[in-house]
Amino acid sequence: MKTFLLSLAALLAIAASAPAADKIRVSSFSTILTEIAQLVGGDRVDVTGHVKPGIDPHEFEPKPEDLKIIGNAQLVLLSAKHMESYVGKLKEATGTKGNLVEVGDNFASLKMKSEKDPDKVIEDPHWWHSIANTEKAVKVVRDELTKISPADGKTFADNAANYLAKLDELQKWVKSELAKLPRDKRKLVTSHDAFQYFARDNGFTIYPIEGISSADQPSSKKVGDIISVIKSQGVKAIFPESIENPKVLQEITRETGVKTAPELYADGLGEGDASTYIGMYKHNVTTIVDALK
Amino acid sequence: MRGSPLVRALLAFLIIASLGWPLWQLTRPEEAAATAPAPAAAPEKKAIELHLTFTTVPKSFVVRHLENDVWKETAPQADMDKSVTLEYPPEGVDLQFHIEWPADVPVSAMRAQLTDPVGDTHDKSLWGKGTTDDVLTFP
(Lines give C-alpha, C1' and ligand atoms only; values in the text may rest on other atoms or scores of the structure.)
Protein backbone atom coordinates (compact mmCIF):
# COMPACT_ATOMS: atom_id res chain seq x y z
CA MET A 1 0.00 0.00 0.00
CA LYS A 2 2.81 2.33 0.93
CA THR A 3 4.56 1.61 -2.39
CA PHE A 4 1.32 2.20 -4.27
CA LEU A 5 0.77 5.57 -2.57
CA LEU A 6 4.35 6.64 -3.28
CA SER A 7 4.01 5.63 -6.95
CA LEU A 8 0.70 7.54 -7.18
CA ALA A 9 2.29 10.64 -5.66
CA ALA A 10 5.19 10.40 -8.11
CA LEU A 11 2.81 10.04 -11.04
CA LEU A 12 0.78 13.04 -9.88
CA ALA A 13 3.95 15.11 -9.52
CA ILE A 14 5.02 14.20 -13.06
CA ALA A 15 1.55 15.02 -14.40
CA ALA A 16 1.53 18.38 -12.65
CA SER A 17 4.90 19.33 -14.07
CA ALA A 18 4.16 18.05 -17.58
CA PRO A 19 2.52 21.22 -19.02
CA ALA A 20 5.52 23.35 -18.00
CA ALA A 21 7.91 20.85 -19.50
CA ASP A 22 5.88 20.83 -22.72
CA LYS A 23 6.18 24.57 -23.20
CA ILE A 24 8.55 25.85 -25.84
CA ARG A 25 11.58 27.35 -24.11
CA VAL A 26 12.34 30.75 -25.64
CA SER A 27 15.24 33.03 -24.75
CA SER A 28 15.09 36.64 -25.90
CA PHE A 29 17.76 39.35 -25.92
CA SER A 30 15.38 42.19 -26.80
CA THR A 31 12.55 43.56 -24.66
CA ILE A 32 10.51 44.04 -27.85
CA LEU A 33 10.98 40.40 -28.92
CA THR A 34 10.29 39.14 -25.40
CA GLU A 35 6.84 40.73 -25.53
CA ILE A 36 6.19 39.47 -29.06
CA ALA A 37 7.14 35.91 -28.08
CA GLN A 38 4.86 36.06 -25.03
CA LEU A 39 1.92 37.45 -27.03
CA VAL A 40 2.28 35.11 -30.02
CA GLY A 41 3.21 32.03 -27.98
CA GLY A 42 0.64 32.58 -25.22
CA ASP A 43 0.56 29.73 -22.72
CA ARG A 44 2.48 27.49 -25.10
CA VAL A 45 5.79 29.22 -24.44
CA ASP A 46 8.06 29.87 -21.50
CA VAL A 47 9.96 33.06 -22.37
CA THR A 48 13.08 34.26 -20.57
CA GLY A 49 13.86 37.89 -21.27
CA HIS A 50 17.58 38.28 -20.64
CA VAL A 51 17.64 42.03 -21.34
CA LYS A 52 15.21 43.58 -18.87
CA PRO A 53 13.24 46.81 -19.45
CA GLY A 54 15.37 49.83 -18.69
CA ILE A 55 18.65 48.01 -19.36
CA ASP A 56 20.77 49.50 -22.16
CA PRO A 57 21.01 46.71 -24.76
CA HIS A 58 24.12 48.35 -26.25
CA GLU A 59 25.96 47.75 -22.97
CA PHE A 60 24.42 44.38 -22.04
CA GLU A 61 26.73 41.40 -21.64
CA PRO A 62 25.32 37.93 -20.90
CA LYS A 63 26.26 36.41 -17.55
CA PRO A 64 27.05 32.73 -16.95
CA GLU A 65 23.45 32.10 -15.79
CA ASP A 66 22.17 33.55 -19.09
CA LEU A 67 24.41 31.20 -21.03
CA LYS A 68 23.09 28.26 -19.01
CA ILE A 69 19.46 29.16 -19.80
CA ILE A 70 20.01 29.66 -23.53
CA GLY A 71 21.91 26.39 -23.70
CA ASN A 72 18.58 24.78 -22.86
CA ALA A 73 16.40 27.02 -25.07
CA GLN A 74 14.60 25.78 -28.17
CA LEU A 75 14.40 29.25 -29.70
CA VAL A 76 16.80 32.16 -29.11
CA LEU A 77 15.61 35.55 -30.37
CA LEU A 78 18.11 38.28 -31.16
CA SER A 79 17.46 41.81 -32.31
CA ALA A 80 20.41 41.58 -34.77
CA LYS A 81 21.86 44.34 -36.98
CA HIS A 82 24.90 44.22 -34.66
CA MET A 83 22.93 45.11 -31.52
CA GLU A 84 24.25 41.98 -29.80
CA SER A 85 28.01 42.21 -30.12
CA TYR A 86 28.23 39.00 -28.12
CA VAL A 87 26.34 36.82 -30.61
CA GLY A 88 29.47 34.86 -31.59
CA LYS A 89 30.23 34.29 -27.93
CA LEU A 90 26.68 32.99 -27.41
CA LYS A 91 26.98 30.47 -30.20
CA GLU A 92 30.41 29.34 -29.11
CA ALA A 93 29.92 29.29 -25.36
CA THR A 94 26.54 27.60 -25.18
CA GLY A 95 26.68 25.21 -28.10
CA THR A 96 22.92 25.66 -28.10
CA LYS A 97 20.96 23.09 -30.03
CA GLY A 98 18.12 25.57 -30.17
CA ASN A 99 17.33 27.74 -33.12
CA LEU A 100 19.15 31.07 -32.93
CA VAL A 101 17.13 33.61 -34.94
CA GLU A 102 18.49 37.06 -35.78
CA VAL A 103 15.08 38.68 -36.30
CA GLY A 104 16.30 42.06 -37.55
CA ASP A 105 18.08 40.42 -40.46
CA ASN A 106 14.68 39.82 -42.05
CA PHE A 107 14.20 43.45 -43.05
CA ALA A 108 16.20 46.21 -44.75
CA SER A 109 18.60 48.33 -42.70
CA LEU A 110 19.16 52.04 -42.44
CA LYS A 111 22.73 53.16 -41.87
CA MET A 112 24.07 55.18 -38.94
CA LYS A 113 27.41 56.42 -37.59
CA SER A 114 29.07 54.11 -35.11
CA GLU A 115 29.07 55.70 -31.64
CA LYS A 116 32.46 54.16 -30.91
CA ASP A 117 34.01 55.14 -34.22
CA PRO A 118 32.16 58.07 -35.89
CA ASP A 119 34.07 57.52 -39.13
CA LYS A 120 32.53 54.08 -39.46
CA VAL A 121 29.03 53.55 -40.89
CA ILE A 122 27.05 50.65 -39.44
CA GLU A 123 23.52 49.21 -39.69
CA ASP A 124 21.05 51.06 -37.49
CA PRO A 125 19.88 48.39 -35.02
CA HIS A 126 16.80 50.30 -33.77
CA TRP A 127 14.43 48.70 -36.32
CA TRP A 128 11.41 48.52 -33.94
CA HIS A 129 10.83 52.28 -34.25
CA SER A 130 9.21 51.38 -37.58
CA ILE A 131 5.86 49.69 -36.85
CA ALA A 132 6.08 47.94 -40.23
CA ASN A 133 9.32 46.27 -39.09
CA THR A 134 7.71 45.19 -35.82
CA GLU A 135 4.85 43.63 -37.79
CA LYS A 136 7.43 41.65 -39.78
CA ALA A 137 9.09 40.57 -36.52
CA VAL A 138 5.73 39.24 -35.27
CA LYS A 139 5.45 37.09 -38.40
CA VAL A 140 9.02 35.82 -38.01
CA VAL A 141 8.37 34.77 -34.40
CA ARG A 142 5.03 33.15 -35.39
CA ASP A 143 6.73 31.12 -38.12
CA GLU A 144 9.64 30.05 -35.90
CA LEU A 145 7.31 28.88 -33.12
CA THR A 146 5.20 26.99 -35.67
CA LYS A 147 8.30 25.20 -36.98
CA ILE A 148 9.02 23.99 -33.44
CA SER A 149 5.43 22.98 -32.66
CA PRO A 150 3.34 22.61 -35.84
CA ALA A 151 0.42 21.28 -33.77
CA ASP A 152 0.12 24.72 -32.14
CA GLY A 153 0.32 26.55 -35.47
CA LYS A 154 -3.29 27.72 -35.39
CA THR A 155 -2.90 29.13 -31.88
CA PHE A 156 0.23 31.02 -32.92
CA ALA A 157 -1.44 32.27 -36.12
CA ASP A 158 -4.51 33.52 -34.20
CA ASN A 159 -2.41 35.21 -31.51
CA ALA A 160 -0.21 36.84 -34.14
CA ALA A 161 -3.26 38.04 -36.10
CA ASN A 162 -4.72 39.62 -32.95
CA TYR A 163 -1.49 41.48 -32.23
CA LEU A 164 -1.02 42.53 -35.86
CA ALA A 165 -4.53 44.06 -35.81
CA LYS A 166 -3.51 46.07 -32.72
CA LEU A 167 -0.34 47.23 -34.48
CA ASP A 168 -2.43 48.35 -37.49
CA GLU A 169 -4.57 50.39 -35.08
CA LEU A 170 -1.40 51.83 -33.54
CA GLN A 171 -0.16 52.86 -37.00
CA LYS A 172 -3.44 54.70 -37.68
CA TRP A 173 -3.26 56.40 -34.28
CA VAL A 174 0.32 57.52 -34.94
CA LYS A 175 -0.61 59.04 -38.31
CA SER A 176 -3.55 60.83 -36.74
CA GLU A 177 -1.48 62.20 -33.84
CA LEU A 178 1.40 63.32 -36.03
CA ALA A 179 -1.04 65.10 -38.36
CA LYS A 180 -1.28 67.68 -35.53
CA LEU A 181 2.38 68.57 -36.06
CA PRO A 182 3.30 70.59 -39.18
CA ARG A 183 5.75 68.71 -41.37
CA ASP A 184 8.23 71.61 -41.28
CA LYS A 185 8.44 71.24 -37.46
CA ARG A 186 9.38 67.56 -37.54
CA LYS A 187 12.95 67.98 -36.34
CA LEU A 188 14.25 65.77 -33.53
CA VAL A 189 17.35 66.81 -31.60
CA THR A 190 18.13 63.65 -29.62
CA SER A 191 21.01 62.54 -27.45
CA HIS A 192 21.32 59.20 -29.19
CA ASP A 193 20.86 58.45 -32.88
CA ALA A 194 18.11 55.87 -32.41
CA PHE A 195 15.09 57.24 -34.26
CA GLN A 196 16.07 57.03 -37.93
CA TYR A 197 13.43 54.37 -38.72
CA PHE A 198 10.79 56.50 -36.98
CA ALA A 199 12.03 59.55 -38.91
CA ARG A 200 11.92 57.76 -42.27
CA ASP A 201 8.34 56.56 -41.71
CA ASN A 202 7.00 59.85 -40.40
CA GLY A 203 8.86 62.63 -42.21
CA PHE A 204 11.25 63.71 -39.42
CA THR A 205 14.87 64.89 -39.60
CA ILE A 206 17.15 63.75 -36.76
CA TYR A 207 19.97 65.84 -35.29
CA PRO A 208 21.74 63.59 -32.75
CA ILE A 209 23.93 65.13 -30.03
CA GLU A 210 26.39 62.29 -30.05
CA GLY A 211 28.49 62.25 -26.96
CA ILE A 212 26.05 63.53 -24.38
CA SER A 213 26.86 60.54 -22.23
CA SER A 214 29.50 61.13 -19.58
CA ALA A 215 31.78 58.66 -21.30
CA ASP A 216 31.89 60.56 -24.56
CA GLN A 217 32.40 64.34 -24.54
CA PRO A 218 31.20 65.93 -27.79
CA SER A 219 33.52 68.42 -29.44
CA SER A 220 32.77 72.12 -29.05
CA LYS A 221 32.25 72.22 -32.83
CA LYS A 222 29.58 69.52 -32.55
CA VAL A 223 27.81 71.42 -29.77
CA GLY A 224 28.09 74.63 -31.82
CA ASP A 225 26.56 72.89 -34.84
CA ILE A 226 23.62 71.65 -32.77
CA ILE A 227 23.09 75.15 -31.33
CA SER A 228 23.08 76.58 -34.88
CA VAL A 229 20.54 74.00 -36.04
CA ILE A 230 18.24 74.70 -33.08
CA LYS A 231 18.40 78.45 -33.71
CA SER A 232 18.09 78.38 -37.48
CA GLN A 233 15.35 75.75 -37.60
CA GLY A 234 13.36 77.20 -34.69
CA VAL A 235 13.44 73.83 -32.89
CA LYS A 236 11.34 74.07 -29.72
CA ALA A 237 12.66 71.14 -27.68
CA ILE A 238 15.49 68.66 -27.38
CA PHE A 239 15.06 65.06 -26.32
CA PRO A 240 17.84 63.78 -24.07
CA GLU A 241 17.73 60.07 -23.52
CA SER A 242 19.55 60.31 -20.22
CA ILE A 243 21.12 63.43 -18.81
CA GLU A 244 24.50 62.04 -17.97
CA ASN A 245 26.46 65.03 -19.11
CA PRO A 246 24.48 68.01 -17.77
CA LYS A 247 27.17 70.51 -18.78
CA VAL A 248 26.59 69.86 -22.48
CA LEU A 249 22.86 70.04 -22.07
CA GLN A 250 23.11 73.22 -19.97
CA GLU A 251 25.27 74.85 -22.61
CA ILE A 252 22.76 74.04 -25.35
CA THR A 253 19.73 75.17 -23.36
CA ARG A 254 21.52 78.33 -22.14
CA GLU A 255 22.60 79.31 -25.64
CA THR A 256 19.27 78.57 -27.33
CA GLY A 257 16.59 78.80 -24.64
CA VAL A 258 15.22 75.53 -25.99
CA LYS A 259 13.28 73.38 -23.52
CA THR A 260 14.20 69.86 -22.47
CA ALA A 261 11.41 67.43 -23.30
CA PRO A 262 10.63 64.32 -21.26
CA GLU A 263 12.70 61.23 -21.98
CA LEU A 264 12.01 59.12 -25.07
CA TYR A 265 12.33 55.34 -25.01
CA ALA A 266 15.04 54.72 -27.59
CA ASP A 267 16.42 51.28 -26.80
CA GLY A 268 13.41 49.18 -25.90
CA LEU A 269 10.60 48.92 -23.41
CA GLY A 270 10.52 50.84 -20.14
CA GLU A 271 8.41 50.83 -17.02
CA GLY A 272 4.73 51.66 -16.40
CA ASP A 273 2.87 52.75 -19.54
CA ALA A 274 5.99 52.10 -21.59
CA SER A 275 6.23 48.47 -20.48
CA THR A 276 4.49 47.36 -23.69
CA TYR A 277 5.48 48.13 -27.27
CA ILE A 278 2.20 49.94 -27.95
CA GLY A 279 2.53 51.93 -24.72
CA MET A 280 6.16 52.80 -25.44
CA TYR A 281 5.33 53.97 -28.97
CA LYS A 282 2.38 56.08 -27.79
CA HIS A 283 4.56 57.66 -25.08
CA ASN A 284 7.20 58.63 -27.65
CA VAL A 285 4.71 60.05 -30.16
CA THR A 286 2.75 62.01 -27.53
CA THR A 287 5.98 63.39 -26.05
CA ILE A 288 7.25 64.50 -29.46
CA VAL A 289 3.99 66.11 -30.56
CA ASP A 290 3.48 67.91 -27.23
CA ALA A 291 7.04 69.26 -27.22
CA LEU A 292 7.29 70.38 -30.85
CA LYS A 293 3.74 71.57 -31.61
CA MET B 1 62.77 94.56 4.09
CA ARG B 2 61.03 96.95 6.47
CA GLY B 3 57.57 96.88 8.00
CA SER B 4 55.57 94.39 9.90
CA PRO B 5 55.01 91.01 8.24
CA LEU B 6 51.33 91.40 9.07
CA VAL B 7 51.10 94.67 7.10
CA ARG B 8 53.00 93.12 4.17
CA ALA B 9 50.63 90.12 4.15
CA LEU B 10 47.65 92.47 4.25
CA LEU B 11 49.06 94.47 1.31
CA ALA B 12 49.63 91.30 -0.71
CA PHE B 13 46.08 90.15 0.05
CA LEU B 14 44.62 93.49 -1.06
CA ILE B 15 46.56 93.37 -4.36
CA ILE B 16 45.38 89.83 -5.08
CA ALA B 17 41.81 90.69 -4.07
CA SER B 18 41.79 93.76 -6.33
CA LEU B 19 42.87 91.54 -9.27
CA GLY B 20 40.23 88.96 -8.44
CA TRP B 21 37.24 90.98 -9.61
CA PRO B 22 38.45 91.66 -13.19
CA LEU B 23 39.75 88.08 -13.39
CA TRP B 24 36.36 86.68 -12.39
CA GLN B 25 34.64 88.99 -14.87
CA LEU B 26 36.85 87.61 -17.63
CA THR B 27 36.48 83.95 -16.77
CA ARG B 28 32.95 83.55 -15.32
CA PRO B 29 30.49 81.44 -17.27
CA GLU B 30 28.30 83.58 -19.46
CA GLU B 31 24.86 84.08 -17.99
CA ALA B 32 23.01 84.44 -21.22
CA ALA B 33 19.34 84.91 -20.64
CA ALA B 34 17.59 81.66 -21.41
CA THR B 35 15.22 83.10 -23.90
CA ALA B 36 13.07 80.78 -25.92
CA PRO B 37 14.34 80.31 -29.47
CA ALA B 38 12.78 82.63 -31.96
CA PRO B 39 10.07 80.59 -33.59
CA ALA B 40 10.76 79.84 -37.22
CA ALA B 41 8.56 81.98 -39.38
CA ALA B 42 5.32 80.13 -40.08
CA PRO B 43 5.07 79.18 -43.72
CA GLU B 44 2.96 81.59 -45.70
CA LYS B 45 -0.67 80.56 -46.25
CA LYS B 46 -1.21 79.61 -49.86
CA ALA B 47 -4.14 78.49 -51.96
CA ILE B 48 -4.29 74.87 -53.02
CA GLU B 49 -6.95 73.09 -55.09
CA LEU B 50 -8.55 69.89 -53.83
CA HIS B 51 -10.51 67.60 -56.14
CA LEU B 52 -12.28 64.64 -54.50
CA THR B 53 -13.88 61.75 -56.38
CA PHE B 54 -15.92 59.03 -54.63
CA THR B 55 -16.91 55.60 -55.95
CA THR B 56 -19.91 55.77 -53.59
CA VAL B 57 -21.32 59.17 -52.64
CA PRO B 58 -20.68 59.47 -48.89
CA LYS B 59 -23.21 60.77 -46.38
CA SER B 60 -20.75 63.43 -45.24
CA PHE B 61 -17.05 64.19 -45.00
CA VAL B 62 -14.64 66.55 -43.26
CA VAL B 63 -11.10 67.47 -44.33
CA ARG B 64 -8.86 68.72 -41.53
CA HIS B 65 -5.43 70.33 -41.49
CA LEU B 66 -3.55 70.83 -38.19
CA GLU B 67 -6.74 70.17 -36.20
CA ASN B 68 -8.78 72.74 -38.17
CA ASP B 69 -11.67 71.88 -40.49
CA VAL B 70 -10.79 73.16 -43.95
CA TRP B 71 -13.66 71.53 -45.85
CA LYS B 72 -16.90 70.13 -44.47
CA GLU B 73 -19.76 68.71 -46.58
CA THR B 74 -23.02 67.29 -45.24
CA ALA B 75 -24.52 66.62 -48.68
CA PRO B 76 -21.58 65.75 -50.90
CA GLN B 77 -21.58 64.74 -54.54
CA ALA B 78 -19.51 62.09 -56.34
CA ASP B 79 -17.11 64.67 -57.73
CA MET B 80 -16.21 67.88 -55.88
CA ASP B 81 -13.67 70.71 -56.05
CA LYS B 82 -12.61 73.31 -53.51
CA SER B 83 -9.95 75.95 -53.20
CA VAL B 84 -8.42 75.85 -49.71
CA THR B 85 -5.95 78.28 -48.13
CA LEU B 86 -3.44 76.77 -45.73
CA GLU B 87 0.22 76.77 -44.70
CA TYR B 88 2.05 74.70 -47.30
CA PRO B 89 5.74 74.28 -46.37
CA PRO B 90 8.20 72.62 -48.78
CA GLU B 91 8.00 69.48 -46.58
CA GLY B 92 4.31 69.11 -47.53
CA VAL B 93 1.10 68.68 -45.56
CA ASP B 94 -0.90 65.96 -43.83
CA LEU B 95 -4.65 66.13 -44.49
CA GLN B 96 -7.03 64.16 -42.25
CA PHE B 97 -10.18 62.76 -43.83
CA HIS B 98 -13.26 61.75 -41.85
CA ILE B 99 -15.82 60.11 -44.15
CA GLU B 100 -19.26 58.70 -43.27
CA TRP B 101 -20.26 56.18 -45.94
CA PRO B 102 -23.86 55.03 -46.47
CA ALA B 103 -24.82 51.90 -44.55
CA ASP B 104 -24.82 48.55 -46.32
CA VAL B 105 -22.45 49.47 -49.13
CA PRO B 106 -19.27 47.54 -49.82
CA VAL B 107 -15.83 49.05 -49.42
CA SER B 108 -15.72 52.35 -51.30
CA ALA B 109 -12.83 54.51 -52.46
CA MET B 110 -12.01 58.19 -52.49
CA ARG B 111 -9.45 59.73 -54.82
CA ALA B 112 -7.93 63.02 -53.67
CA GLN B 113 -6.07 65.21 -56.15
CA LEU B 114 -4.22 68.16 -54.66
CA THR B 115 -2.82 70.91 -56.84
CA ASP B 116 -0.09 72.63 -54.82
CA PRO B 117 0.80 76.34 -54.86
CA VAL B 118 3.27 75.87 -57.74
CA GLY B 119 0.71 74.05 -59.86
CA ASP B 120 1.89 70.44 -59.45
CA THR B 121 -0.90 67.90 -58.97
CA HIS B 122 -0.51 65.01 -56.49
CA ASP B 123 -2.82 62.02 -56.39
CA LYS B 124 -3.70 59.89 -53.31
CA SER B 125 -6.48 57.39 -52.53
CA LEU B 126 -8.09 55.77 -49.55
CA TRP B 127 -10.67 53.03 -49.06
CA GLY B 128 -13.22 52.33 -46.36
CA LYS B 129 -16.73 51.46 -45.25
CA GLY B 130 -18.90 52.67 -42.38
CA THR B 131 -16.71 55.42 -40.96
CA THR B 132 -13.25 56.12 -42.34
CA ASP B 133 -10.60 58.17 -40.52
CA ASP B 134 -7.35 58.38 -42.41
CA VAL B 135 -4.45 60.73 -43.10
CA LEU B 136 -3.07 61.44 -46.57
CA THR B 137 0.32 63.07 -46.95
CA PHE B 138 1.03 65.40 -49.88
CA PRO B 139 3.17 65.45 -51.91
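Keep in mind that this is a model prediction, so the values were computed, not measured.

This part covers the sheet that holds strand β9 (residues 237-239) of chain A. Residue and element names in this part refer to chain A. Strand order in the open sheet formed by four strands is β8-β7-β9-β10, with parallel pairing between adjacent strands. One side of each edge strand has no neighbouring strand; the edge strands of this open sheet are β8 (205-208) and β10 (259-260). Judged from the two bridges that link them, β9 and β10 form a sheet pairing that is parallel. When the sheet's bridge partners are listed, I238 is paired in β10 with T260.

Residues and elements named next belong to chain A. Compared with an ideal rise of 1.5 Å per residue, which puts 16 residues at 22 Å, helix α10 (residues 277-292) spans 23 Å between its outermost C-alpha atoms and is within 8% of the ideal. Looking at α10, one finds that the buried residues are Y277, M280, Y281, N284, V285, I288 and A291. The arc that holds every buried residue of α10, seen down its axis, measures 145°, which confines them to one face.

Now for the packing of helix α6 (residues 153-178) of chain A against α10 of chain A. Residues and elements named next belong to chain A. Remark: α6 packs on α10, axes separated minimally by 10 Å, with the N-to-C direction vectors making an angle of 5°. Of the possible angle classes, the one that applies to α6 and α10 is roughly parallel. Across the interface between the two elements, K166, L170, V174, E177 and L178 from α6 touch I278, Y281, V285, T286 and V289 from α10. Split into classes, the residues belonging to the contact of α6 with α10 amount to seven nonpolar, one polar and two charged.

A word on the environment of L136 of chain B. Residues and elements named next belong to chain B. With respect to the element layout, L136 can be found in strand β8 (residues 131-138). The sequence separation of L136 and A47 amounts to 89 residues, and the corresponding C-alpha distance is 18 Å. Those residues in contact with L136 that sit more than four places away from it in its chain are L95, F97, A112, K124 and L126.

With that settled, the discussion passes to unusual backbone geometry. Going from F138 of chain B to P139 of chain B, the amide bond is cis rather than trans, its omega being 0°. Counting through the fold element by element, P139 of chain B comes out in the segment after β8.

Here we take up the domain arrangement of chain A. Residue and element names in this part refer to chain A. The domain boundaries assigned to chain A delineate domain 1 (2-174) and domain 2 (180-292). Counting residues at the interface gives 24 residues for domain 1, matched by 21 residues for domain 2. At the level of secondary structure, the elements contributing two or more residues to the side of domain 1 that touches domain 2 comprise α2 (31-41), β5 (111-113), α5 (131-148) and α6. Residues belonging to the side of domain 1 that touches domain 2 are distributed by class as follows: nine nonpolar, nine polar and six charged.

Reading the values: the criteria
- Residues numbered from 1 in each chain as written.
- Chains lettered and ligands numbered in written order.
- Predicted model: local features only at pLDDT ≥ 70, side-chain atom pairs only at ≥ 80, totals over all residues.
- Pairing = 2+ DSSP bridges.
- Helix = DSSP H or I, 4+ residues; strand = E, 2+ residues; numbered from the N terminus.
- Expected span 1.5 Å × (residues − 1).
- Buried ≥ 20, exposed ≤ 12 C-beta atoms within 10 Å, placed from the backbone.
- Arc of directions from axis to C-beta.
- Axes fitted to C-alpha atoms, helices over the stretch in contact; angles between N-to-C directions.
- Parallel < 35°, antiparallel > 145°, perpendicular 65-115°, else oblique.
- Contact = placed C-beta atoms within 7 Å.
- Nonpolar A, V, L, I, M, F, W, Y, C, P; charged D, E, K, R; others polar.
- Domains from an automatic or database assignment.

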